[in-house]
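The primary structure of each chain is shown beneath.
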Amino acid sequence: MRLSLVLYLAILSILVQPEQVWKDQLGRVTLLSGILFIMLGLSTDSTPSLISSRAPPPSIMGLPPFPASLDGYKYVILKLGPLQLTRKGLSTATTSACLTFTIFQSASVFLSTTTPEQIAFALRWFISPLASFGVPVAEVILTLLLSLRFINLVFDEVRNVALGIVSRRINWQQLTILETIDVFFTYIRRIFRNIFVHAEQISQAMIVRGFRGDSTTHKIFLSADSSNGVANYISISCLFGLIAFVTLPKFLMQ
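Note that this is a predicted model, so its numbers are computed, not measured.

A. A look at the pairing of strand β2 (residues 83-86). Pairing between strand β1 (residues 76-80) and β2: four bridges, direction antiparallel. Paired with leucine 80 across the strands is leucine 83, a residue of β2. Hairpin connection between β1 and β2: a loop of two residues separates the two successive antiparallel strands, and glycine 81 in this loop has a positive phi of roughly 65°.

Listed below in structure tokens is the structure:
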């Protein structure tokens, strides 16, 4: 089930994202999940247990020996010196690697295919009943919308500064450690200065449009016309079906 979900996300990313996006994203996430799988798989049962059983062997107590396990069953799958891959390690590594891949890749697909306005609109639809309990829904939505808009500005500034460093062709080998640190701090200060300039421009644009600090009196227009109702119902049905497919066997086994 976990591997099928990972394969589904990978195919979905290839279908809905541009080639230059999914190649870079899938490569990085797969590399991270693979490193996590190897580390957890080989280290889960590699360390010997410090607690040993104090019970005497069955022969001393006059009991028959434990029956032999089924033929072909091996708890240790692979052994590399002090490291070993066991069934417990394989299960732990598979769960962690698949969960990591699912979290990162699903977030990437979600953010690359959904506009900030649609995200804010969906969240406002879900948490609007909490307004009767005193939750500032309008302020939360406005903060989320500004944060989603601001994230792109931060990445753009980092990319522009990185391109500026590369274009200057600095010979790092001729610089001392203090000079290298000074160059990095100079560019980091430039990044923060540009980010603060963008933040000030956003605040001035909001003031010009009539925002005075009270989000309840300021009308926020969220465009969600591009959303397909049939696709939404199909997606929600698939989500509930997946949850039922995972949880129902556990209740039936109990």
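Having put the structure on the table, let's press on.
B. A look at helix α1 (residues 2-16). Spanning 15 residues, α1 covers 21 Å between terminal C-alpha atoms, matching the ideal 21 Å at 1.5 Å per step. All buried positions along α1 are accounted for by Val6, Leu9, Ala10 and Ser13. All buried residues of α1 lie within an arc of 100° about the axis, which places them on one face of the element. Exposed residues pointing more than 90 degrees away from the buried face of α1 are listed as Leu7 and Leu15. The elements touched by buried residues of α1 are α2 (19-43) and α3 (87-113).

C. Just the pattern of salt bridges, in detail. On inspection of all chains with the given rule, the structure shows three salt bridges. Between glutamate 19 and lysine 23 there is a salt bridge, and its shortest N-O distance comes to 2.8 Å. Here the residue glutamate 19 and the residue lysine 23 both occupy positions in helix α2, the gap between them amounting to four residues, near one helical turn. The closest approach of N and O atoms between arginine 28 and aspartate 24, which form a salt bridge, is 3.0 Å. Note that arginine 28 and aspartate 24 are positioned in helix α2 at a spacing of four residues, about one turn of the helix.

D. Representation of the packing of helix α5 (residues 137-167) against helix α6 (residues 177-208). The geometry of α5 relative to α6 is characterised by a closest axis approach of 10 Å and an angle of 145° between their N-to-C directions. Crossing angle aside, the handedness with which α5 passes α6 is right-handed. Residues Leu142, Leu146, Phe150, Leu153, Val154, Glu157, Val158, Val161 and Ile165 of α5 lie in contact with α6, whose contacting residues are Tyr187, Ile191, Asn194, Ile195, His198, Ala199, Ile202 and Met206. For the contact of α5 with α6, the per-class residue count stands at 14 nonpolar, two polar and one charged.

E. Spotlight on a nonpolar patch on the surface. Residues Phe37, Ile38, Ile77, Leu78, Leu80, Leu83 and Leu90 make up a contiguous nonpolar surface patch of roughly 570 Å² in combined accessible area. Of all the secondary-structure elements, those providing two or more residues to the nonpolar patch are α2 and β1. The dominant element in the nonpolar patch, judged by the number of residues it contributes, is β1, at three residues. Assignment of secondary structure puts leucine 83 in strand β2. Among the residues examined, leucine 83 registers a relative accessible area of 36% and is labelled partly exposed.

F. Geometry of the environment of threonine 143. For threonine 143, the position within the fold is in helix α5. Threonine 143 gets classed as partly exposed once you look at its relative accessible area, which sits at 45%. For the pair formed by threonine 143 and alanine 120, sequence separation is 23 residues and the distance between their alpha carbons is 9.5 Å.

G. Focus on the side chain of serine 33. Mapped onto the elements of the fold, serine 33 is located in helix α2. Serine 33 has contacts with Ala97, Thr100 and Phe101, leaving out every residue within four places of it along the chain.

H. Region of the structure containing the environment of cysteine 98. Structurally, cysteine 98 can be placed in helix α3. Here the alpha-carbon distance between cysteine 98 and leucine 7, two residues 91 residues apart in the chain, equals 9.8 Å. In this structure cysteine 98 touches Arg2, Leu3 and Val6, once residues within four positions along its chain are discounted.

I. Looking closely at α6. Over its 32 residues, α6 extends 47 Å from the first C-alpha to the last, a length consistent with the 46 Å expected when each residue adds 1.5 Å. Those residues of α6 not exposed but buried are Thr180, Val183, Tyr187, Ile191, Ile195 and Met206. Summarising the contacts, the buried residues of α6 are in contact with α5.

J. Molecular detail of a positive patch on the surface. A surface patch of like charges, here positive, comprises Arg168, Arg189, Arg190 and Arg193. If you trace the backbone, arginine 189 turns up in helix α6.

K. Fine view of the nonpolar core. Counting residues in each nonpolar core, the largest one holds eight residues, listed as Val6, Leu9, Ala10, Trp22, Leu26, Val29, Cys98 and Phe101. For this core, the secondary structure elements donating two or more residues are α1, α2 and α3. In contact with phenylalanine 101, other than residues within four places in its own chain, are Val6, Leu9, Ala10, Leu26, Val29, Thr30, Ser33 and Ser106. Counting residues in each nonpolar core, the second largest holds six residues, with Val161, Val183, Tyr187 and Ile191 among its members.

The rules behind each value
Residues numbered from 1 in each chain as written. Predicted model: local features only at pLDDT ≥ 70, side-chain atom pairs only at ≥ 80, totals over all residues. Heavy atoms only, no water. Pairing = 2+ DSSP bridges. Helix = DSSP H or I, 4+ residues; strand = E, 2+ residues; numbered from the N terminus. Expected span 1.5 Å × (residues − 1). Buried < 20%, exposed > 50% of the residue type's maximum accessible area, 1.4 Å probe, protein only. Arc of directions from axis to C-beta. Contact = heavy atoms within 4.5 Å. Salt bridge = Lys/Arg side-chain N within 4 Å of Asp/Glu carboxyl O. Axes fitted to C-alpha atoms, helices over the stretch in contact; angles between N-to-C directions. Left-handed = near helix turned anticlockwise from the far one by under 90°. Nonpolar A, V, L, I, M, F, W, Y, C, P; charged D, E, K, R; others polar. Patch = residues over 30% accessible without salt bridge, like charges linked within 9 Å, V, L, I, M, F, W, Y side chains within 5 Å. Areas by Shrake-Rupley, 256 points an atom, 1.4 Å probe, with all protein chains shown as cover. Lys, Arg positive; Asp, Glu negative; His and termini not counted. Charge placed at Lys NZ, Arg CZ, Asp CG, Glu CD. Core = buried A, V, L, I, M, F, W, Y, C linked by side-chain atoms within 4.5 Å.

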